[in-house]
Amino acid sequence: MARIISVANQKGGVGKTTTTVNLGACLAFVGKKVLLIDSDAQGNATSGLGVRKPDVKQDIYDVLVNEVPIKETIIETSRENLSIVPATLQLAGAEIELTSMMARESRLKSALAEVSDDYDFILVDCPPSLGHLTINAFTASDAILIPVQCEYYALEGLSQLLNTVRLVQKHFNPGLEIEGVLLTMYDARTNLGAEVVEEVRRYFQEKVYDTIIPRNVRLSEAPSHGKPIIDYDPRSKGAEVYQALAKEVLVREQK
Ligand code: ADP
Ligand code: MG
């Protein structure tokens, strides 16, 4: 059975998609079978892995709303061992449509049960909100990985996120854990970065990964080439740190 991890933070632009794509690719690189679920209507994970949205016939919306078997939506990427269930703009309608549906919280969970045995890891790239899509991701997941951008007010909004985790634990998924907290977009040139790291470590303690993701321009260029960082520029700092993160995730997995 796959370990299912949601990458979530209701703030936009904190590095969720970058982390999902590159952690996924680095786990695939060391031989793990990985499935990514793009659960954001922006579809940045989809295009970031070189999938052309006009060519997508069925996506995660069809799985969640139209109950299309998830296997019919899986696309292999050019990185061996890495596949994705894509998202396109139609997913934007899902938040409202799910409201009136049966079993609206557990639709992703039911879908993933059909493929869980085929993978080692399933990573869900969550949208920047705490709506039905995120609740579906949390209900389906073993754990949540929270990217936190190294900026002022980094912790702001996280209590809301943790509240949602508690609600999902209480009502739908008692086993849900915090997988880890990942500091992203660290800028060593400012004092602020170091202060934020300290503050987040004080709050989340051993949950914070030792690996810190620095600002790295190659990481921001890779998606426009449709490649994860280890394929776009394997010698970059970005490739190095996401490989280190993958190692940490595997070590925590074994514990
Ligand atoms: P989210 O999914 O949380 O909205 P993204 O992963 O899409 O965040 O990141 C937001 C923007 O910042 C994107 O343009 C991405 O390429 C860029 N970015 C993410 N992480 C880094 C990084 N470590 N260094 C430089 N740019 C980054
Ligand atoms: Mg995103």
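In this text, all values refer to a predicted model and were calculated from it rather than measured experimentally.

**Some thoughts on the overall build of the protein**
Reasoning step 1: Looking only at helices and strands, the protein has 11 helices and 7 strands in total.
Reasoning step 2: Dimensions of the protein, computed from the C-alpha atoms along their principal axes, are close to 50 × 40 × 35 Å.
Reasoning step 3: Looking at the protein residue by residue over its 255 residues, the buried ones come to 47%.
Reasoning step 4: For the protein, contacts bridging at least 24 residues in sequence account for 78% of all contacts bridging at least 6.

**What to know about the environment of L108**
Reasoning step 1: As for its placement among the helices and strands, L108 is situated in helix α5 (residues 107-113).
Reasoning step 2: C-beta crowding within 10 Å serves as the criterion here: with 28 such atoms nearby, L108 is assigned to the buried category.
Reasoning step 3: Taking the C-alpha atoms as reference points, L108 and A137, separated by 29 residues in sequence, lie 6.7 Å from one another.
Reasoning step 4: Leave out the neighbours within four places in its chain, and L108 touches L64, N136, A137, T139 and A140.

**Some thoughts on the site of ligand 1**
Reasoning step 1: Close to ligand 1 lie 17 residues; G15, K16, T17, T18 and S220 are nearest.
Reasoning step 2: Within the residue set of the shell around ligand 1, elements represented by two or more residues are α1 (16-29) and α9 (217-221).
Reasoning step 3: The greatest single-element share of the shell around ligand 1, amounting to 3 residues, is contributed by α1.

**Here's the deal with the pairing of strand β1 (residues 3-7)**
Reasoning step 1: In terms of burial, β1 is a largely internal element, 4 of the 5 residues being buried.
Reasoning step 2: Sheet topology places β1 next to strand β5 (residues 121-125); 5 bridges connect them, and they run parallel. The partner of I5 across the bridge, within β5, is L123.
Reasoning step 3: Here β1 runs beside strand β6 (residues 143-149); their pairing, made up of 3 bridges, is parallel.

**Brief notes about the nonpolar core**
Reasoning step 1: Formed by 75 residues in total, the largest nonpolar core has its most connected members in V34, I122, L123 and L182.
Reasoning step 2: The element that contributes the greatest number of residues to this core is α1, accounting for 7 residues.
Reasoning step 3: For I122, the residues in contact, after removing those within four places along its chain, are A2, I4, L35, I37, L112 and S116.

**Observations regarding the packing of α1 against helix α11 (residues 237-254)**
Reasoning step 1: Relative orientation of the contacting elements α1 and α11 amounts to 70°, with a least axis distance of 9 Å. Comparing their axes, α11 and α1 come out roughly perpendicular. Contact residues: α1 offers N22, L23, C26 and L27, while α11 offers Y242, Q243, L245, A246 and V249.
Reasoning step 2: Class assignment for the residues of the contact of α1 with α11 results in 7 nonpolar, 2 polar and no charged.

**So, the packing of helix α6 (residues 132-140) against helix α7 (residues 158-171)**
Reasoning step 1: Two elements in contact, α6 and α7, have axes whose closest approach is 10 Å; the angle formed by their N-to-C orientations is 55°. Relative to α7, α6 is oriented oblique. In the packing of α6 onto α7, the handedness of the crossing is right-handed. Residues I135, F138 and T139 of α6 touch α7, and the partners they reach there are T164, V165 and V168.
Reasoning step 2: Its residues assigned to classes, the contact of α6 with α7 shows 4 nonpolar, 2 polar and no charged.

**Section: the UniProt feature "domain: AAA" (unreviewed entry) in the protein**
Reasoning step 1: Following the UniProt record, one finds the feature "domain: AAA" (unreviewed entry) at residues 3-178.
Reasoning step 2: Secondary structure content for residues 3-178 is 34% helix and 17% strand, while the C-alpha to C-alpha distance between its ends is 13 Å.

**A closer look at the confidence of the model for the protein**
Caution applies to low-pLDDT parts of the model: their predicted coordinates are not meant to be read in detail.
Reasoning step 1: With 100% of its residues at a pLDDT of at least 70, the protein reaches an overall mean of 96.
Reasoning step 2: For this predicted complex, the interface confidence comes out at an ipTM of 0.99, alongside a pTM of 0.98.

**Points about the sheet that holds β5**
Reasoning step 1: One open sheet accounts for 7 strands, arranged β3-β4-β2-β5-β1-β6-β7; its pairing is mixed. Each edge of the sheet is formed by a strand with only one pairing partner; in this case those strands are β3 (75-76) and β7 (177-184).
Reasoning step 2: Sheet topology note: the strand β2 (residues 34-38)/strand β4 (residues 82-85) ladder contains 4 bridges and is parallel. Bridged to I37 within β4 is V85.

**Concerning the pairing of β6**
On any regular strand, side chains alternate: one points to one face of the sheet, the next to the other face.
Reasoning step 1: Counting buried residues in β6 gives 5 out of 7 residues, a clear majority hidden from the surface.
Reasoning step 2: In terms of strand pairing, β6 meets β7 through 7 bridges, oriented parallel. From the neighbouring strand, I146 faces β7, where its bridge partner is V181.
Reasoning step 3: In terms of handedness, the path from β6 via α7 over to β7 forms a crossover that is right-handed.

Reading the values: the criteria
- Residues numbered from 1 in each chain as written.
- Chains lettered and ligands numbered in written order.
- Predicted model: local features only at pLDDT ≥ 70, side-chain atom pairs only at ≥ 80, totals over all residues.
- Helix = DSSP H or I, 4+ residues; strand = E, 2+ residues; numbered from the N terminus.
- Buried ≥ 20, exposed ≤ 12 C-beta atoms within 10 Å, placed from the backbone.
- Contact = placed C-beta atoms within 7 Å.
- Near = placed C-beta within 6 Å.
- Pairing = 2+ DSSP bridges.
- Core = buried A, V, L, I, M, F, W, Y, C linked by C-beta atoms within 7 Å.
- Axes fitted to C-alpha atoms, helices over the stretch in contact; angles between N-to-C directions.
- Parallel < 35°, antiparallel > 145°, perpendicular 65-115°, else oblique.
- Nonpolar A, V, L, I, M, F, W, Y, C, P; charged D, E, K, R; others polar.
- Left-handed = near helix turned anticlockwise from the far one by under 90°.
- UniProt positions renumbered as here; feature names shortened; annotations may be inferred.
- pLDDT = per-residue confidence, 0-100.
- Right-handed = clockwise from strand over helix to strand, strands pointing away.

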